[in-house]
Amino acid sequence: MKIGFIGLGNMAKAMIGGMLSKEIVRKEDIIGSAKTEHTLDQVNQMYGIMTTSDNQLVAKEADILFLAIKPQFFGEVLPEIRGVLRKEALIVSIAAGKTIADIEGLLSADIKLVRCMPNTPALVGEGCTGACRNGHVSDEEMEVCMKLLRSFGVAEEVPERLINAVAGVSGCSPAYVFQFLEALADGAVLAGMPRKQAYTFAAQAVLGSAKLMLETGKHPGELKDMVTSPAGTTIEGVRVLEEKGFRGAVIDAVKASVEKSENM
Ligand SMILES: NC(=O)C1=CN([C@@H]2O[C@H](COP(=O)(O)OP(=O)(O)OC[C@H]3O[C@@H](n4cnc5c(N)ncnc54)[C@H](OP(=O)(O)O)[C@@H]3O)[C@@H](O)[C@H]2O)C=CC1
Ligand SMILES: O=C(O)[C@@H]1CCC=N1
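Residues numbered from 1 in each chain as written. Chains lettered and ligands numbered in written order. Predicted model: local features only at pLDDT ≥ 70, side-chain atom pairs only at ≥ 80, totals over all residues.

**Quick notes on the UniProt feature "domain: Pyrroline-5-carboxylate reductase dimerisation" (unreviewed entry) in the protein chain**
Under the UniProt annotation, the feature "domain: Pyrroline-5-carboxylate reductase dimerisation" (unreviewed entry) is placed at residues 160-264. Helix and strand shares over residues 160-264 are 80% and 0% respectively, and the end C-alpha atoms of the span are 16 Å apart. (UniProt positions renumbered as here; feature names shortened; annotations may be inferred. Helix = DSSP H or I, 4+ residues; strand = E, 2+ residues; numbered from the N terminus.)

Right under this line is the structure:
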């Protein structure tokens, strides 16, 4: 099975890195295209996959073709590959904001199409992907696609109306988490900790908290209460976050990303 990528940027590299590390796909079975020589050389050297500036070659070869370009370039690139796509190929778009109807409009209403929303932790096998399909993708074909998406993390099928929510909660949220991590570490630096050590402690605290929630299945409120001793140190920090509107700010951030996805 040949996997093609049109676009070899941040998200494609994370997915390729994740797929190869799980050994679900061999590097010989991946081909990718990008715009600049710099990217083509870099990705070829990093992952040992074949790279080319020829989008049509990738589209012709691929059994599963990932569209990993920016949504703004769909209008330019999709008409270029439309004529060479194999009828049985599965097209998988990862673009924010581009609906199944948009992509069928640019390619053909007859294509087998999956629309998904991954995230960059795919690079370390901890990605999270929501995916939906059009009516031409069979259960068996979807299972092959989901297996590929699960090679770099959690993947679940969702109705298309929830894809923009997936973008907010997991596609974009690594950026919010990194903002939080920077701030958390800055707080430790303020208290005298060396910066490098502060990043390790901050990241491990977030990783451990996420794992605790996933592995115990407990409500986040219950886990928060387990940390928060009466008249203790944590409640002081919790009070400050509540006063500064932390939760409202996070909800509004997700809402802003969802709304942008709806209006791209
Ligand atoms: N980054 C993320 O966290 C996530 C991104 N996405 C989606 O993934 C897609 C890609 O995003 P991201 O990886 O961040 O973007 P990048 O800008 O990092 O990568 C875009 C890639 O597209 C290539 N490209 C541009 N024009 C062409 C063209 N005409 N033909 C072939 N390749 C071209 C670029 O080539 P070159 O490098 O040579 O310039 C680059 O490799 C977007 O649609 C985005 O919505 C989805 C989930 C998460
Ligand atoms: O910022 C973006 O538009 C992309 C899509 C989801 C994450 N990054």
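**Brief notes about the UniProt feature "domain: Pyrroline-5-carboxylate reductase catalytic N-terminal" (unreviewed entry) in the protein chain**
Mapped onto this numbering, the UniProt entry gives "domain: Pyrroline-5-carboxylate reductase catalytic N-terminal" (unreviewed entry) at residues 2-97. This span, residues 2-97, is 41% helix and 20% strand, and a straight line between its end C-alpha atoms measures 27 Å.

**Some details on the site of ligand 1**
Taken together, the neighbourhood of ligand 1 is formed by 28 residues, with Gly7, Gly9, Thr36, Thr39 and Ala95 sitting nearest. When contributions to the shell around ligand 1 are tallied by element, the ones reaching two or more residues are helix 1 (10-21) and helix 4 (74-82). For the shell around ligand 1, the leading source of residues is helix 1, giving 3 residues. When grouped by side-chain class, the residues that make up the shell around ligand 1 number 15 nonpolar, 10 polar and 3 charged. (Near = placed C-beta within 6 Å. Nonpolar A, V, L, I, M, F, W, Y, C, P; charged D, E, K, R; others polar.)

**What about the site of ligand 2?**
Taken together, Ala96, Ala167, Gly171 and Cys172 are the residues near ligand 2. Per-class residue counts for the shell around ligand 2 are 3 nonpolar, 1 polar and no charged.

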